[in-house]
Amino acid sequence: MSTTQLASSPAATAQKAPKPPKPKEEKAHKPKEEKFTKSKEDANSKMVASTPAGGESKLTPKQLKELKKAEKQARRAADKAASGVAVQGKSEGGADKKPKQQAQKGSAAPKKGEKIEKGGKSAAQQPGASTAVMTAGPAATTQQPTKEIALFRHLENPDRQLSVAGAHKDVHPAILALGLQMASYTICGSNARCVATLLAFKRASDRYVIEDYKTPPHTTLTRNLSSHHLSPQIEYLRSARPMSISMRNAIRWLKLEISTVSIDLSEAAAKKLLLDKIDNYIREKITIADQAISSAAADKIVDGDVIVTFAKSSIVQMALTEAHRRGRKFKVVIVDSRPLLEGRQMCKALTDIGVECTYTLIHAISYVIRDATKVYLGAHAMLSNGRLYSRVGTASIAMYAKEFEVPVIVCCESIKFTDKVGLDSIVSNELASPDELTSISLTRDLQSLGKLVKWRDIPNLNILNIMYDVTPAENITLVITEYGSLPPSSVPVVHRLSTNQ
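Residues numbered from 1 in each chain as written. Predicted model: local features only at pLDDT ≥ 70, side-chain atom pairs only at ≥ 80, totals over all residues. Heavy atoms only, no water.

S.K.: When you look at the pairing of strand 9 (residues 408-411) in this model, what are you seeing that I'm missing?
M.R.: Regular strands place their side chains on alternate faces of the sheet. Because side chains alternate across strand 9, one face comprises the buried residues Val408 and Val410, and the other comprises Ile409 and Cys411, equally buried. Inspection of the sheet shows strand 9 paired to strand 11 (residues 478-481) by three bridges, in the parallel sense. Within strand 11, the position partnered with Ile409 by the bridge is Leu478. (Buried < 20%, exposed > 50% of the residue type's maximum accessible area, 1.4 Å probe, protein only. Helix = DSSP H or I, 4+ residues; strand = E, 2+ residues; numbered from the N terminus. Pairing = 2+ DSSP bridges.)

In structure tokens form, the structure reads like this:
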């Protein structure tokens with residue numbers, strides 16, 4: 001066979017001619033094209049590109065992704081333009097890529113409370129709902145500014161409205177009445193509130209909180225009385241006004257006594273035991289303690305003294321009354337402050353028994369302190385670092401007294417001691433209603449309208465009415481308790497001794 005015949009035969013041509021290489025693009029995308037579902041293939045057939053020969057070919061997955069991304073951006077831009085929001089043109093790459101991705105992630109997750117439509121999209125992501133969601137945004141954000149001071153925003157809102165209708169169904173009628181009296185300052189003062197709370201737990205209006213209690217079946221008094229029966233009563237009192245330190249200590253003591261009641265006692269015997277312990281607690285911690293403190297404080301008053309006191313303290317009033325009963329000749333200067341004006345009650349009580357009194361407001365303290373020989377102050381609480389927590393204005397009285405070298409004597413029962421530490425009047429305090437400061441009248445009964453009566457309508461005006469302040473320990477000379485007279489630095493020691501008894 002000739003060389004020409006071998007070259008022209010088909011077998012030889014197949015052996016020598018190299019196979020043409022397959023396009024890399026087809027090899028790379030062939031497995032992916034096989035994974036497409038029938039629905040995606042139908043969508044791809046609609047988006048085709050023209051070839052030079054006039055035919056049609058499918059787009060690659062990368063090109064499909066870019067087209068869908070462009071359509072989504074165009075649809076979002078159209079929604080923003082329809083809602084009146086200005087659309088800022090941004091390029092697809094570079095620094096603008098991250099904000100777009102974050103916007104897509106934020107729009108993909110449905111917000112809390114949104115209704116999820118069929119298909120996994122929220123109502124805000126539906127094509128017809130985007131305009132409505134965008135237009136509702138500015139209207140929702142245009143709210144009137146709240147009348148509160150940022151520094152005291154963490155404290156409880158003073159404009160709360162106490163309602164009997166919203167109380168828990170298990171709250172006793174005696175507790176309902178007590179809460180309303182506390183909220184209206186009819187019962188005011190740390191000792192008065194503590195005694196009223198314990199008596200309300202025991203008896204009020206011939207009805208009993210503890211004595212009316214009946215242990216449910218399959219449980220015990222020690223387990224059910226404290227956690228189920230007393231808890232709604234305590235929560236209601238807390239909603240009326242923040243509890244004083246003495247109230248907290250008394251309630252903590254009562255819960256401890258309930259937990260120690262023997263389960264072998266009958267229900268009637270256990271309730272009688274608790275009622276007797278409440279009576280003993282009031283007598284020992286408040287009544288007898290006040291008598292001991294007032295007697296010790298009266299011993300320090302001599303003839304010719306000028307005693308300066310602030311607002312109204314029941315224990316200070318008892319001490320001054322005891323000194324007058326002993327025949328001491330002294331004068332009392334009562335410094336008062338708005339809005340409670342508690343000093344008027346103390347002034348009337350002392351003048352009725354024949355004590356010579358002078359009544360003034362706190363703005364005159366720099367004048368009356370010059371003639372003072374002693375300053376007697378009551379206490380809402382004594383903190384663990386020796387500082388005095390009392391009615392706002394007390395710190396100013398003590399500061400002026402130290403400046404003029406006048407001894408400051410604090411009368412306080414150990415039931416008001418706490419292991420808390422306070423450095424200022426901001427972290428822990430009580431806010432009263434700002435409306436109490438908007439009247440120009442000096443009486444709470446006949447209030448006259450002033451220029452600030454419509455202060456809520458003034459956008460750039462806020463009114464602060466705090467109840468207590470903190471007096472530094474270095475401005476206090478002596479603290480008189482039922483355990484004796486001691487410096488402020490010994491307060492935590494006495495508190496530890498009193499709680500361990």
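S.K.: Honestly, the pattern of salt bridges in this entry has me stumped. Any pointers?
M.R.: Side chains bearing opposite charge may pair, as long as their charged atoms lie close to each other. Counted by the stated rule, this structure contains 14 salt bridges. Between Asp276 and Lys272 there is a salt bridge; the shortest N-O distance is 3.2 Å. With Asp276 and Lys272 both in helix 12 (residues 267-299), this residue pair falls four residues apart, about one helical turn. Salt bridges sharing partners connect three or more residues here, namely Asp299, Glu322, Arg325 and Arg326. (Salt bridge = Lys/Arg side-chain N within 4 Å of Asp/Glu carboxyl O.)

S.K.: Where do I start with the environment of Pro232 in this structure?
M.R.: Along the polypeptide, Pro232 turns up in helix 10 (residues 221-240). Judged by relative accessible area, which is 13%, Pro232 ranks as buried. Setting aside chain neighbours within four positions, we find Pro232 in contact with His168, Asp170 and Val171. (Contact = heavy atoms within 4.5 Å.)

S.K.: Would you take a moment to explain the packing of helix 11 (residues 245-259) against helix 12 for this structure?
M.R.: For any two helices packed against each other, one specifies the inter-axial angle together with the distance between the axes. Two numbers describe how helix 11 lies on helix 12: the axes approach to 11 Å, and their chain directions differ by 150°. In this structure, the crossing between helix 11 and helix 12 has a hand that is right-handed. Here Asn249, Ala250, Trp253, Leu254, Glu257 and Ile258 of helix 11 lie close against helix 12, whose contacting residues are Leu274, Lys277, Ile278 and Tyr281. Residues that form the contact of helix 11 with helix 12 fall into these classes: seven nonpolar, one polar and two charged. (Axes fitted to C-alpha atoms, helices over the stretch in contact; angles between N-to-C directions. Left-handed = near helix turned anticlockwise from the far one by under 90°. Nonpolar A, V, L, I, M, F, W, Y, C, P; charged D, E, K, R; others polar.)

S.K.: Sorry if this is basic, but what is going on with helix 14 (residues 343-352) here?
M.R.: Since there are 3.6 residues in each turn of an α-helix, residues three or four apart along the chain are aligned in direction. Among all positions of helix 14, only Gly343, Met346, Cys347 and Leu350 are buried. Along the long axis of helix 14, the arc covered by the buried residues comes to 100°, so they all point the same way. Among the exposed residues of helix 14, those oriented more than 90 degrees off its buried face are Gln345, Lys348 and Asp352. On the buried face of helix 14, the contacting elements are strand 3 (305-310), helix 13 (314-325), strand 4 (330-336) and strand 5 (356-361). (Arc of directions from axis to C-beta.)

S.K.: Which parts of the structure should I look at to understand the nonpolar core?
M.R.: What tends to happen in soluble globular proteins is that the nonpolar side chains get buried as a cluster. Within the largest apolar cluster, 31 residues are counted, with the highest numbers of intra-cluster contacts made by Ile175, Leu178, Cys194, Leu198, Phe201, Leu237 and Leu254. If you list the elements that add at least two residues to this core, you get helix 8 (173-183), helix 9 (190-202), helix 10, helix 11 and helix 12. In contact with Leu178, not counting residues within four places along its chain, are Ile187, Ala196, Thr197, Ala200 and Leu237. Grouped together as the second largest cluster of nonpolar side chains are 27 residues, Val333, Val368, Ala401 and Val408 included. (Core = buried A, V, L, I, M, F, W, Y, C linked by side-chain atoms within 4.5 Å.)

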